[in-house]
Amino acid sequence: MGEPGKRFATHGVTCFSKMKMFLLALTMAYIAKALSGTYMISMLTQIERQFNIPASVVGFINGSFETGNLLLIVFVSYFGSKLHRPIMIGAGCAVMGLGCFLISLPHFLMGRYEYEKTILPSSNLSSNSFLCLGNRSQTLMPTPDPGDCEKEIKSLMWIYVLVGNFIRGIGETPIVPLGISYIEDFAKSENSPLYIGILEAGKIFGPLIGLLLASFCANIYVDTGSVNTDDLTITPTDTRWVGAWWVGFLICAGVNVLTSIPFFFLPKMLPKERLEDNADVTNSNKEEKHQGKAKKEKRGITKDFLPFMKSLFCNPIYVLFVLVSVLQVNSFTTTFVFLPKYLEQQYGKSTAEVVFLIGIYNLPPVIIGYLIGGLVMKKFKFTVKKAACVAFCLSLTEWLLFFLNFLWTCDNFPVAGLTTSYEHERIQQPLYVENKILANCNTRCNCLTKTWDPVCGDNGIAYMSACLAGCEKSVGMGINMVFQNCSCIQFSGNSSAVLGLCNKGPDCTIKLQYFFITVVIGSFIYSLAAIPGYMVLLRCIKSEEKSLGVGLHAFFARVFAGIPAPIYFGALIDRTCLHWGNQKCGKRGACRMYDINNFRSIFLGLSTALRGSSFLPAICILILLRKFQLPKETDSSQTEFAEMKLTEKESECMDEHRSPESENNRELKTRL
């Protein structure tokens, strides 16, 4: 009588331990990590303004994630399969949640955000101090207060963001390698591609949620609930606006912690999917023998670590492919990290609007391109040489299409003293010259020349402050304030101004639409080339070296592109700044306005140059593949022959032969 109950209990545990339960949990982990990463990149502009830091420091913060990821990648790759993989993945998700919470912590420690302004919230007492008053003395220029200097230590709170992003990188390390290896070990071989495809779909679905969340949070003021938003004199399109960036990180922290819970209840090992229905003692013994054999094979691979390294570096196609990847990742990293900032400055849009448009226009064509690329590869069974040619032609087409972005451009915001003169001819000035900020119409006003609180005049020209516009009277409160009797503004008898920079006009909005149409087509074409290109990497190395080869490929892409690219690119962008914000002690803060012409030359020009230089080693790869005369068929025997032909030159590079034990391991196929 007790036997059926016992059998039922065992069946319950088996149902919970099925591969599909692990796949569901891992898919949620993929979505959570992609959500956190995309949200982090989307909020970099808000973090820059919150902490008053330059773009180079923002790039350093972004690179800390890759640094944390690299710190444990070797440890996880080697020891991960020997430990409890689901628990390690769950711990990684929890650590990512901790990192996200740490990133949001400065908001609760710094107090309220105080943006740079000349206008007081109240409209009484000294509210006229920001206007042009002829009897004002120069003593109104701000003098640093020692108390304020002490408070400026709060600006170092960005270190919390740096450390939190670093910890987030550590937490993400075990998710992909251990999750994929767990599926490969215990899933049916015919089901494995489907499961990995589901994970890739989750990896794309996560960024879509992250971008939508970033768009929502960027439109909410950072201190909402603790300040009266009616007193604000800035809007989301203002370069001083900071959205509620911390809200999204709290959400990301909660999501990552919740996704970690199921992994702690999953077993260390599962029966192979084909054995689940007959999980008796005999099958368990077979599974144990399989695990023991796998451990011996791994010990053999570990012993051959240095010979494998030497073999990979003597493989010319592999080395050239790594070089191509490093150049292209440099290009894509800089483009993706600073794209929101570029679109804000180029087209005069808010962060919320820009991030939303990126999510709507960028991700769907990438998803469709991946699916079509995979289906075409499966249907037509491309050889390595054909796959390389297809990837090269598609990438070259997308690169040539990228040049159209140089046409969809807008001029600088017309700001008197920075990009145009006070005269109405709007003479463009390429560089910022401080003594040109003052003109005959405002020299009597004794204005603050470094404070950024712009107003837009009726003549279509913006001024750095109402005082520099020569305004003598104000009407209204908050964002609806209007300035009148402005001596520097003369347009059809009117001389008034309103808060904020002037809009760039409808023609600039049309060019933004053209830009995103180009992005949609380019993203689709390049995503078509992604899978054929990755096939070249997998087929150009020996089967027993694939695990190490793919790991080294990712390592070099991070070390030489993922980490340094945002730093040096941010430093180059800082050089295009026309006007810097000021901290209370007079130190330089975040940039308020860039010279968009120089910004565009660096953003588009450097990315184009990096991508263009990657085609030189790519051409060498095509030549080498043609020289080796790879077969057109793709069956297993011919593939092995092709792999041996591809690595002919490696034998010349090797100083010592492989041991007999190593030769036996040549038949070991290490799956991704």
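Calculation rules
- Residues numbered from 1 in each chain as written.
- Predicted model: local features only at pLDDT ≥ 70, side-chain atom pairs only at ≥ 80, totals over all residues.
- Heavy atoms only, no water.
- Helix = DSSP H or I, 4+ residues; strand = E, 2+ residues; numbered from the N terminus.
- Buried < 20%, exposed > 50% of the residue type's maximum accessible area, 1.4 Å probe, protein only.
- Areas by Shrake-Rupley, 256 points an atom, 1.4 Å probe, with all protein chains shown as cover.
- Axes fitted to C-alpha atoms, helices over the stretch in contact; angles between N-to-C directions.
- Parallel < 35°, antiparallel > 145°, perpendicular 65-115°, else oblique.
- Left-handed = near helix turned anticlockwise from the far one by under 90°.
- Contact = heavy atoms within 4.5 Å.
- Disulfide = S-S within 2.5 Å.
- Pairing = 2+ DSSP bridges.
- Patch = residues over 30% accessible without salt bridge, like charges linked within 9 Å, V, L, I, M, F, W, Y side chains within 5 Å.
- Salt bridge = Lys/Arg side-chain N within 4 Å of Asp/Glu carboxyl O.
- Nonpolar A, V, L, I, M, F, W, Y, C, P; charged D, E, K, R; others polar.
- Phe/Tyr/Trp six-rings, centres within 6.5 Å; stacked < 30°, edge-to-face > 60°.
- Lys NZ or Arg CZ within 6 Å of the ring centre and 35° of its normal.
- Arc of directions from axis to C-beta.
- Polar contact = N/O pair within 3.5 Å; in protein donor to acceptor, adjacent residues only side chain to side chain.
- Expected span 1.5 Å × (residues − 1).
- pLDDT = per-residue confidence, 0-100.

Visitor: Would you mind showing me how to read the overall build of the protein here?
Guide: A count of helices and strands for the protein gives 22 helices and seven strands. Within the span of the protein, comprising 672 residues, buried residues form 52% of the whole. Total accessible area computed for the protein in this model is approximately 31200 Å², and 64% of it derives from carbon and sulfur atoms.

Visitor: Can you help me understand the packing of helix α13 (residues 316-347) against helix α18 (residues 564-574) in this one?
Guide: When two helices pack together, their arrangement is given by the angle between the helix axes and the distance between those axes. Where α13 contacts α18, the axes come no closer than 9 Å and their chain directions differ by 50°. As far as their axial angle goes, α18 and α13 are oblique. Considering the relative orientation of α13 and α18, their crossing is right-handed. Only A565, P566, Y568, F569, G570 and I573 of α18 make contact with α13, whose side of the interface consists of N330, T333, T334, F338 and K341.

Visitor: Sorry if this is basic, but what is going on with the state of the cysteines here?
Guide: Here is the idea: a disulfide is a covalent bond, and it sits between the sulfur atoms of two cysteines. This structure, assessed with the given rule, holds six disulfides. Here C410 engages in a disulfide with C508; their sulfurs sit 1.9 Å apart. Handedness of the C410-C508 disulfide follows from its S-S torsion of about 120°: it is right-handed. Here C410 is found in the loop between α15 (384-402) and β1 (455-457), whereas its partner C508 is found in helix α16 (residues 506-539), with 98 residues between them in sequence. The buried category is assigned to C410, whose relative accessible area is 8%. Two residues share a disulfide in this structure: C456 and C502, whose sulfurs sit 2.0 Å from each other. On the sign convention where negative means left-handed, the S-S torsion of about 110° between C456 and C502 marks this disulfide as right-handed.

Visitor: What exactly am I supposed to notice about unusual backbone geometry here?
Guide: Peptide bonds are, in most cases, trans, and in most cases residues other than glycine have a negative phi. Positive phi, normally seen in glycine, also occurs at N52, with a value near 55°. With respect to the helices, strands and loops of the structure, N52 is situated in the loop between α3 (44-51) and α4 (55-79). Classification of N52 by relative accessible area gives buried; the value is 17%. A positive phi angle, near 55°, is found at N446, a position not held by glycine. Within the fold, N446 resides in the loop between α15 and β1.

Visitor: How should the pairing of strand β6 (residues 577-582) be read in this particular structure?
Guide: Two faces belong to every sheet, and in a regular strand the side chains alternate between them. Burial of β6 is extensive: five of the six residues sit out of reach of the surface. Bridging between β6 and strand β7 (residues 588-594) involves four bridges; their strand directions are antiparallel. Of the residues in β7, the one forming a bridge with N582 is R588.

Visitor: So what exactly am I meant to see when it comes to a nonpolar patch on the surface here?
Guide: A cluster of nonpolar side chains, I87, L258, I261, F264 and F265, forms an exposed patch at the surface whose accessible area comes to about 490 Å². Along the polypeptide, L258 turns up in helix α10 (residues 245-260).

Visitor: Would you mind showing me how to read the packing of α13 against α16 here?
Guide: Taken N-terminus to C-terminus, the directions of α13 and α16 make an angle of 160°; their axes are 13 Å apart at the nearest point. Between α13 and α16, the interaxial angle falls into the category roughly antiparallel. Pair α13 / α16 crosses with left-handed handedness. Here α13 contributes Y318, F321, Q328, F332, L339, Y342, L343, Q346 and Y347 to the contact with α16, which in turn contributes C508, K511, L512, F515, F516, Y526, G533, V536 and L537. Classifying every residue of the contact of α13 with α16 gives 14 nonpolar, three polar and one charged.

Visitor: Mind showing me how you'd approach the packing of aromatic side chains here?
Guide: Aromatic ring pairs: the centre-centre distance and the angle between the two ring planes describe each pair. Counted by the stated rule, this structure contains 27 aromatic pairs. Geometrically, the ring pair formed by F392 and F615 is edge-to-face, given 5.7 Å between the ring centres and 90° between the ring planes. With F392 in helix α15 and F615 in helix α19 (residues 596-628), this residue pair connects regions lying 223 residues apart in the sequence. In terms of burial, F392 and F615 fall into one category: buried. Ring centres 5.1 Å apart and planes at 75° place the aromatic pair W399 and F403 in the edge-to-face group. Classification of W399 by relative accessible area gives buried; the value is 17%. Classification of F403 by relative accessible area gives partly exposed; the value is 36%. Between K504 and the ring centre of F413, over which it is positioned, the NZ or CZ distance is 4.4 Å.

Visitor: Before we go on, may I ask you to explain α18 in this structure?
Guide: Because an α-helix packs 3.6 residues into every turn, residues spaced three or four apart end up facing the same way. Within α18, the full set of buried residues consists of A565, P566, F569, G570, I573 and D574. Seen along its axis, α18 keeps its buried residues to an arc of 155°; they face one direction.

Visitor: Just to check I follow, could you spell out the pattern of salt bridges for this structure?
Guide: Pairs can form between side chains of opposite charge whenever their charged atoms are close. Applying the stated criterion to the full structure yields nine salt bridges. Salt-bridge contacts for D238 lead to R240; the nearest nitrogen and oxygen are separated by 3.0 Å. In terms of burial, D238 and R240 fall into one category: buried. Ionic pairing is found between R240 and D453, a salt bridge with its closest N-O pair at 3.0 Å. Here R240, found in the loop between α9 (192-218) and α10, pairs with D453, found in the loop between α15 and β1; they are 213 residues apart in sequence, far enough to count as distant.

Visitor: Explain the environment of H107 here, please?
Guide: Assignment of secondary structure puts H107 in helix α5 (residues 85-110). A sequence separation of 138 residues divides H107 from W245, and the C-alpha atoms of the two residues are 9.0 Å apart. Excluding its chain neighbours within four sequence positions, the residues that come into contact with H107 are V222, D223, W245 and W246. A polar contact of 3.3 Å, which involves the side chain of H107, links it to the side chain of W246.

Visitor: What is the right way to read α10 from this model?
Guide: Here α10 spans 23 Å end to end across 16 residues, near enough to the 22 Å set by a 1.5 Å rise per residue. Taken together, the buried positions of α10 are W245, W246, G248, F249, C252, A253, N256, T259 and S260. Summarising the axial view, the buried residues of α10 lie within an arc of 155°, below the 170-degree limit, and thus occupy one face.

Visitor: What am I meant to see in the sheet that holds strand β2 (residues 462-463) here?
Guide: Think of a sheet as strands paired side by side through backbone hydrogen bonds, with each pair either parallel or antiparallel. Pairing within the open sheet is antiparallel, and its five strands lie in the order β2-β1-β5-β4-β3. Only two strands of the sheet have a single neighbouring strand rather than two, namely β2 and β3 (473-475). Pairing of β3 with strand β4 (residues 482-484) involves three bridges; the strand directions are antiparallel. When the bridges of β4 are listed, K473 appears paired with Q484.

Visitor: I tried to follow the environment of A529 on my own but got confused; where do I start?
Guide: Following the sequence through the fold, A529 ends up in helix α16. Taking the relative accessible area as the measure of exposure, A529 reaches 5% and is therefore buried. Distance in space between the C-alpha atoms of A529 and L396 is 9.9 Å, their sequence separation being 133 residues. In this structure A529 touches A391, L394 and S395, once residues within four positions along its chain are discounted.

Visitor: Help me understand the confidence of the model for the protein, please; the structure alone is not making it clear to me.
Guide: Detailed reading of the predicted coordinates is not advisable wherever pLDDT falls low. In the predicted model, the protein carries a mean pLDDT of 79, and the fraction of residues at 70 or more is 76%. Here residues 137-143 scores under 50 on pLDDT; set against residues more than four positions off or in separate chains, the count is six contacts. Scored below 50 in pLDDT, residues 275-291 shows eleven contacts in the model against residues more than four places distant or in partner chains.

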